[in-house]
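Report on the structure
The primary structure of each chain is shown beneath.
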Amino acid sequence: MGLLRLLDKLVEVAAVLAFAASSLLICINVINRYTVLGGMRRIAKDNEWFVPYYQFSRDLLGSVSVMADEVPGYLLVWIAFLGAYLVLRREGHISFDMLQEALPDGGRRIVAALNLAMIASFLLLLLYQSVRMIRVSGATEIETAEIAQGWFMAILPLSAVLFLIAIIPRAYALLKQD
């Protein structure tokens, strides 16, 4: 199972990078809004010598700040789905297993198998429909930057595949039970 651990590490790194990028964009937006457009603008209004510094800062941060409201929201979706995969791998999601625990071993296996079959069916449907969605509207750019929506939508088919990979060991363990 070394490949699964490697995949887990890659997903962790991707989630951390998405979180870092989102945090950086939010910080740039806050700095631009309160420092540049707030304080520096007031200083430049009263002190002509400060105007070039203000204009440089405004131009430098302004272009990034425009997309800093929209992109972190899309990155949050990536963070959520990547985190959901990691929790699924560690079997950390909430489960309601009172019925399953009340059944004899044979009944438990049947309920577990039905559960895995329903999850796999949903994930296959998610994979199919998300690829269709990306084909239809993935080339459309987001409003605040020249970035295709497909890059942000790609988490849906990617996570469907990751979730399917995550349930394979469960299915294998279920099949190996005597």
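See above for the structure.
We now turn to the structure provided with this report. Since the model is a prediction, treat every value here as computed from it, not as a measurement. Counting restarts for each chain: residues are numbered from 1 in the order of the written sequence. Thresholds applied to this predicted model are a pLDDT of at least 70 for local features of residues and 80 or more for the giving and counting of side-chain atom pairs; totals over whole chains, interfaces and linings are not thresholded and use all residues. For side-chain calculations, the full set of non-hydrogen atoms in the structure is used, while hydrogens and water are omitted.

1. Here's the deal with a nonpolar patch on the surface
Just so we agree on the cut-off: By definition, no residue in a patch forms a salt bridge, and every one has over 30% relative accessible area; like charges are joined within 9 Å, nonpolar side chains (Val, Leu, Ile, Met, Phe, Trp, Tyr) within 5 Å. The Shrake-Rupley method, run with a 1.4 Å probe sphere, supplies the accessible areas, and residue values consider only the shown protein chains as cover. Counted as salt bridges are all cases of a side-chain nitrogen of Lys or Arg within 4 Å of a carboxyl oxygen of Asp or Glu. Each helix corresponds to a stretch of at least 4 residues labelled H or I by DSSP, and each strand to a stretch of at least 2 residues labelled E; elements are numbered beginning at the N terminus. Burial status follows relative accessibility: with a 1.4 Å probe on protein chains alone, a residue under 20% of its type maximum counts as buried, one over 50% as exposed, and anything between as partly exposed.
On the surface, a cluster of nonpolar side chains totalling about 340 Å² of accessible area is made up of L3, L6 and L10. Within the secondary structure layout, L3 lies in helix α1 (residues 2-46). Looking at L3, the relative accessible area reads 71%, which means it is exposed.

2. Points about the packing of α1 against helix α3 (residues 71-89)
Definition in use: Comment: axis = line fitted to C-alpha atoms, over the contacting stretch for helices; angle = value between 0 and 180 degrees taken between N-to-C directions. With respect to orientation, any angle under 35 degrees is reported as roughly parallel, any angle over 145 as roughly antiparallel, any angle of 65 to 115 as roughly perpendicular, and every other angle as oblique. The hand of a helix crossing depends on one turn: near helix anticlockwise from the far one by less than a right angle means left-handed, and clockwise means right-handed. Under the grouping applied here, Gly and all other residues not named as nonpolar or charged are polar, the nonpolar ones being Ala, Val, Leu, Ile, Met, Phe, Trp, Tyr, Cys and Pro and the charged ones Asp, Glu, Lys and Arg.
Viewed as axis vectors pointing N to C, α1 and α3 meet at an angle of 155°, and their least axial separation amounts to 9 Å. In this view, α1 runs roughly antiparallel relative to α3, as classed from their interaxial angle. Judged by the sense of rotation from one axis to the other, the crossing of α1 with α3 is left-handed. For the contact of α1 with α3, the class distribution of residues is 17 nonpolar, 1 polar and 4 charged.

3. Focus: the pattern of salt bridges
Evaluated as defined, the whole model comprises 6 salt bridges. Among the ionic pairs, R58 bridges to D59, the shortest N-O distance being 3.4 Å. R58 gets classed as partly exposed once you look at its relative accessible area, which sits at 32%. Note that D105 is salt-bridged to R108, the shortest N-O span being 3.7 Å. Of this pair, D105 and R108 are both found in helix α5 (residues 105-137), 3 residues apart, which corresponds to roughly one turn of the helix. Residue classification places D105 among the exposed positions, given a relative accessible area of 56%. On the basis of relative accessible area, R108 is assigned to the partly exposed category, the value being 29%. Beyond isolated ion pairs, a larger network of salt bridges with shared partners links K9, E12 and R90.

4. Side note on helix α2 (residues 51-67)
As a reminder of what qualifies: Helix span, as expected, comes to 1.5 Å for every residue beyond the first. Fitting axes to the seven residues ending at a residue and to the seven starting there, one defines the bend at that residue as the angle between these axes. By the convention used here, residues are in contact when the closest approach between their heavy atoms is within 4.5 Å.
With 17 residues, α2 extends 25 Å between its outermost C-alpha atoms, agreeing within 8% with the 24 Å of an ideal straight helix rising 1.5 Å per residue. In the structure, α2 departs most strongly from a straight axis at L61, where the bend amounts to approximately 35°. For α2, the elements touching its buried residues are α1.

5. Concerning the packing of aromatic side chains
The condition that has to hold: Two rings belonging to Phe, Tyr or Trp (six-membered ring only in the last case) form a pair when the distance between their centres is within 6.5 Å. Interplanar angles under 30 degrees mark stacking, angles over 60 mark edge-to-face geometry, and anything in between is tilted.
Taken as a whole, this structure holds 4 aromatic pairs when the rule is applied. Seen in terms of ring centroids, W49 and F50 are 5.5 Å apart; in terms of plane orientation they differ by 80°. Their pairing is edge-to-face. The class for F50 is buried, based on a relative accessible area of 14%. Measuring from centroid to centroid gives 4.7 Å for Y74 and F152, while their planes differ by 25°, and the two rings are stacked. Taken as a pair, Y74 in helix α3 and F152 in helix α6 (residues 149-153) lie far apart in primary sequence, 78 residues in all. For F152, a relative accessible area of 11% translates into the label buried. Pairwise contacts between aromatic rings join W49, F50 and Y53 into one cluster.

6. Here we look at the packing of α1 against α2
It is the contact of α1 with α2, at a shortest axis distance of 9 Å, that shows an interaxial angle of 150°. Judged on the interaxial angle alone, α2 and α1 are roughly antiparallel. Relative to α2, α1 is oriented so that their crossing is left-handed. The residues of α2 that touch α1, namely those facing L25, I28, N29, I31, N32, V36, L37, M40, R41 and A44, are V51, Y53, Y54, S57, R58, L61, G62, V64, S65 and M67.

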